[in-house]
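Fold and contact review
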Amino acid sequence: MIALRRWSDQGKQQMFALAIHGGAGTLPRAEMSGERELKYQAGLAAALEAGYSVLQGRGTSLDAVMRAVMALEDNPLFNAGRGSVFTLDGHNELDAAIMDGRTLQAGAVCGVTHIRNPIELARTVMEHSEFVMLNGAGAEEFALSRGMALVPQSYFYTPERWQQLERIRGGDVALSALTISHVGTVGAVALDVDGRLAAATSTGGMTGKRYSRIGDSPIIGAGTYADDRSCAVSATGHGEIFIRAAVAHDICSRMRFGGRSLRDAAREVVLEELPALRGEGGVIAIDRNGEIAMEFNSEGMFRACRKDGGQPSIAIYRA
Ligand code: ASP
């Protein structure tokens, strides 16, 4: 294996690495049963493995982030794909974005209602259209034209998400659209053996959102960004604030123009900029040296990472 690996300009062996998240604003520790926690950990482990095995086989970071996110989209525990939260009028509207750090090409979809894996469609928009973002019915028509199948809305239904909506409709403030206690957006960032960075994010948005509301996840520069000159970022949290703070691009810019380390850039944005706007949530980020940052200002963030040859690390709450 080692003989196959590329050596970077500095003569260092080019390593690969991957980080994923399953959303910030986890269940309060007191409400998280051991059994439930194990299920989340297993879901994160499976998604991490899906992406890591791509990188290990010398696949691209784009393929790795897409595979990891698809695994999370297919897992009903997370708020993306199957298991997405409901809008106030009882539907599921999904958003996703993907970005290639080498070319700065990006693809995104928002407000899609019949796409099993929105991240796959975002990538198709990036690679097979002249656009960056497609919305709603037009995005789905494009999916059909590319041979992708549509799924019925019932595919996304889970009793738990429906109960959350009912609680909001019943006036449960703890679950109002202003809190992120019920989220679970997913994302991935990766560095491949060619030194190429990529980021991907997918979400059902926030429970009880007004129909047609779009959050930060599919907005390039807000919830998702990748640039080989700095880093790749996928965010999770209160989308309105993340859009206003242009979170993902801000982290990249602090590295590129401000000379910050990945960790410092991520900490400044998540622990200083966001709280100043009352923005709750977190990010995962990776730079071209394979450094990983997983910063959050919420009670927890479902997260996992693994570096070339290292062991997987999976966590939910603070250490
Ligand atoms: N950022 C997502 C949104 O606002 C929600 C989340 O991360 O859970 O749509």
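The following paragraphs examine the structure supplied in this document. (Residues numbered from 1 in each chain as written. Predicted model: local features only at pLDDT ≥ 70, side-chain atom pairs only at ≥ 80, totals over all residues. Heavy atoms only, no water.)

Brief notes about the site of the ligand
Near the ligand there are 12 residues, and of these Thr 185, Arg 213, Asp 216, Thr 236 and Gly 237 occur at the shortest range. Separating a nitrogen atom of the ligand from a side-chain N or O atom of Asp 216 is a distance of 2.6 Å. In the complex, the protein chains occlude 100% of the 270 Å² of accessible area that the ligand would expose alone. A molecule is said to occupy a pocket when more than half its atoms come within 2 Å of that pocket's grid points, and by this definition the ligand occupies the largest cavity. Here the shell around the ligand is built from residues that sort into 2 nonpolar, 8 polar and 2 charged. (Near = heavy atom within 4 Å. Polar contact = N/O pair within 3.5 Å; in protein donor to acceptor, adjacent residues only side chain to side chain. Areas by Shrake-Rupley, 256 points an atom, 1.4 Å probe, with all protein chains shown as cover. 1 Å grid on protein atoms, 1.4 Å probe; cavity = no way out; pocket = protein on both sides within 12 Å on 5 of 7 lines; lining within 4 Å. Sits in = over half its atoms within 2 Å of the grid points. Nonpolar A, V, L, I, M, F, W, Y, C, P; charged D, E, K, R; others polar.)

Overview of the packing of aromatic side chains
Summed over the entire model, instances satisfying the criterion amount to 8 aromatic pairs. Centroid distance Tyr 155 to Phe 156: 5.2 Å. Interplanar angle 80°. Geometry classified as edge-to-face. Three or more aromatic residues link up through ring pairs in this structure, and these residues are Tyr 40, Phe 78 and Phe 302. It is Arg 306 that lies over the ring of Tyr 52; its NZ or CZ is 4.0 Å from the centre. (Phe/Tyr/Trp six-rings, centres within 6.5 Å; stacked < 30°, edge-to-face > 60°. Lys NZ or Arg CZ within 6 Å of the ring centre and 35° of its normal.)

Brief notes about the pattern of salt bridges
Counted according to the given criterion, the structure contains 14 salt bridges. Here Glu 49 ties to Arg 306 by a salt bridge, and the two come within 3.9 Å at their closest N and O atoms. Taken together, the residues span a long stretch of sequence, with Glu 49 in helix H1 (residues 34–56) and Arg 306 in strand E11 (residues 300–307) at a distance of 257 residues. A relative accessible area of 17% means that Arg 306 is categorised as buried. A salt bridge links Arg 102 to Asp 228, with the nearest nitrogen and oxygen atoms 3.1 Å apart. One end of the pair, Arg 102, is in the loop between strand E2 (94–100) and strand E3 (106–112); the other, Asp 228, is in the loop between strand E7 (224–226) and strand E8 (231–237), and 126 residues separate them in sequence. Among the residues examined, Arg 102 registers a relative accessible area of 42% and is labelled partly exposed. For Asp 228, a relative accessible area of 8% translates into the label buried. Overlapping salt bridges, with partners in common, bring together Asp 250, Arg 254, Arg 260, Glu 268 and Glu 273 in one network. (Salt bridge = Lys/Arg side-chain N within 4 Å of Asp/Glu carboxyl O. Helix = DSSP H or I, 4+ residues; strand = E, 2+ residues; numbered from the N terminus. Buried < 20%, exposed > 50% of the residue type's maximum accessible area, 1.4 Å probe, protein only.)

Overview of helix H4 (residues 136–145)
Note that an α-helix has 3.6 residues per turn; residues three or four places apart therefore point the same way. Of the positions making up H4, those classed as buried are Gly 136, Ala 139, Glu 140, Phe 142 and Ala 143. Looking down the long axis of H4, one finds its buried residues gathered within 155° of arc, a one-sided arrangement. In H4, the exposed residues that point more than 90 degrees away from the buried face are Ala 137, Glu 141 and Ser 145. Tucked inside the fold, the buried residues of H4 contact E3, helix H3 (118–128) and strand E4 (133–135). At the exit of H4 stands Gly 147, carrying a positive phi of roughly 80°. (Arc of directions from axis to C-beta. Contact = heavy atoms within 4.5 Å.)

A closer look at the nonpolar core
Ranked by internal contacts, the top residues of the largest apolar core, which has 50 residues, are Leu 18, Ile 20, Phe 78, Ile 98, Ile 119 and Leu 121. Counting residues per element, this core draws most heavily on helix H2 (residues 61–73), at 8 residues. Setting aside chain neighbours within four positions, we find Leu 121 in contact with Val 109, Val 112, Ile 115, Ala 139, Phe 142, Ala 143 and Met 148. (Core = buried A, V, L, I, M, F, W, Y, C linked by side-chain atoms within 4.5 Å.)

A look at the sheet that holds strand E6 (residues 197–203)
Taken in spatial order, the 8 strands make up an open sheet running E4-E3-E2-E6-E5-E1-E11-E12, and their pairing is mixed. Every interior strand has two partners, whereas the edge strands, E4 and strand E12 (313–317), have only one. Adjacent strand axes in the sheet meet at a mean angle of 10°, parallel and antiparallel pairs treated alike. With 4 bridges connecting them, E11 and E12 associate as antiparallel partners. Residue pairing for E12: Ala 304 is matched across the bridge by Ile 314. (Pairing = 2+ DSSP bridges. Axes fitted to C-alpha atoms, helices over the stretch in contact; angles between N-to-C directions.)

So, the pairing of E8
Judged by how many residues are buried, E8 sits mostly within the fold: 7 of 7 residues are covered. Of the two faces of E8, the one holding Cys 231, Val 233, Ala 235 and Gly 237 and the one holding Ala 232, Ser 234 and Thr 236 are both buried throughout. Pairing between E7 and E8: 3 bridges, direction antiparallel. The partner of Ala 226 across the bridge, within E8, is Ala 232. With antiparallel pairing between neighbouring strands as the criterion, E7 and E8 make up a hairpin whose turn holds 4 residues. Looking at chain direction, E8 and strand E9 (residues 281–287) are connected through 7 bridges and run antiparallel. Looking at E9, one finds that Gly 237 is bridged to Gly 281.

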